[in-house]
Amino acid sequence: MAYCNAHQIDDTNWLLSVGVNKQQDLLKDGYNKKRVALHYVVDNSGSMGSMTNEVRNIFSEMVDSVATAPSSMTIFGTTAEILSSNITSGEQMRSLKLPPQSCTNIPAGVEKALRIIYGQEQKSCSKNESSRIHHILILLSDGEHNSGPEPKRAFPKLNSIVPDDIKLSVVVVGYSR
């Protein structure tokens, strides 16, 4: 039912991915239908170098193995850009074009992703869908914030974007060289 994969990024760094099997496998084994959307928020600053591209490709594998609802990818530099809010396959995610790299504005990326989550919840409620989406926001950065408001001041204000009853898990992955 569950798996863990290790992907070597370079000589000293590894990415671990943990998840559950696809929805079809869960249904086949008698489990309730679970809707899971992955929301990637990835640092696209100059300090990340080629890692942004590599991370996009590695994370795309989780879209195929974990996501059962449309996923999203938001890139942040000086500003944030939603590359897609309707990712349904790893191939689709790997084909997303990355913009030029710039500075690091972590709150801008998180805010865009939270607005995608809010929009998906509104759409789901309007369709009267019986199973709620479990949203998993995955933030990856080298943590060298240098543009826009400081995270410690900006993050408390982002709390108002999503209602308290949304199923949301947040995973923060730090990367350093």
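Calculation criteria
- Residues numbered from 1 in each chain as written.
- Predicted model: local features only at pLDDT ≥ 70, side-chain atom pairs only at ≥ 80, totals over all residues.
- Heavy atoms only, no water.
- Pairing = 2+ DSSP bridges.
- Helix = DSSP H or I, 4+ residues; strand = E, 2+ residues; numbered from the N terminus.
- Axes fitted to C-alpha atoms, helices over the stretch in contact; angles between N-to-C directions.
- Contact = heavy atoms within 4.5 Å.
- Parallel < 35°, antiparallel > 145°, perpendicular 65-115°, else oblique.
- Nonpolar A, V, L, I, M, F, W, Y, C, P; charged D, E, K, R; others polar.

Draft legend 1. Layout of the sheet that holds strand β5 (residues 80-87). Overall, mixed pairing links the five strands, which are arranged β5-β4-β3-β6-β7 in an open sheet. One side of each edge strand has no neighbouring strand; the edge strands of this open sheet are β5 and β7 (167-174). The sheet shows a mean angle of 15° between the axes of neighbouring strands, direction not considered. Bridging between strand β3 (residues 35-43) and strand β6 (residues 133-141) involves eight bridges; their strand directions are parallel. Pairing of Ala37 across the sheet is with His135, part of β6. Against the sheet, helix α2 (residues 51-65) contacts β3, β4 (71-76), β5 and β6, and its axis sits at roughly 175° relative to β3. Against the sheet, helix α4 (residues 106-126) engages β3, β4, β5, β6 and β7, with an angle of about 170° to β6.

Draft legend 2. Spotlight on the packing of α4 against helix α5 (residues 151-158). It is at 9 Å that the axes of α4 and α5 come closest, and there the two elements cross at 10°. Of the possible angle classes, the one that applies to α4 and α5 is roughly parallel. Contacts from Ile106, Pro107, Val110, Glu111 and Leu114 in α4 reach Pro151, Ala154, Phe155 and Leu158 in α5. Split by residue class, the contact of α4 with α5 holds eight nonpolar, no polar and one charged.

Purely geometric numbers; function is a separate question.
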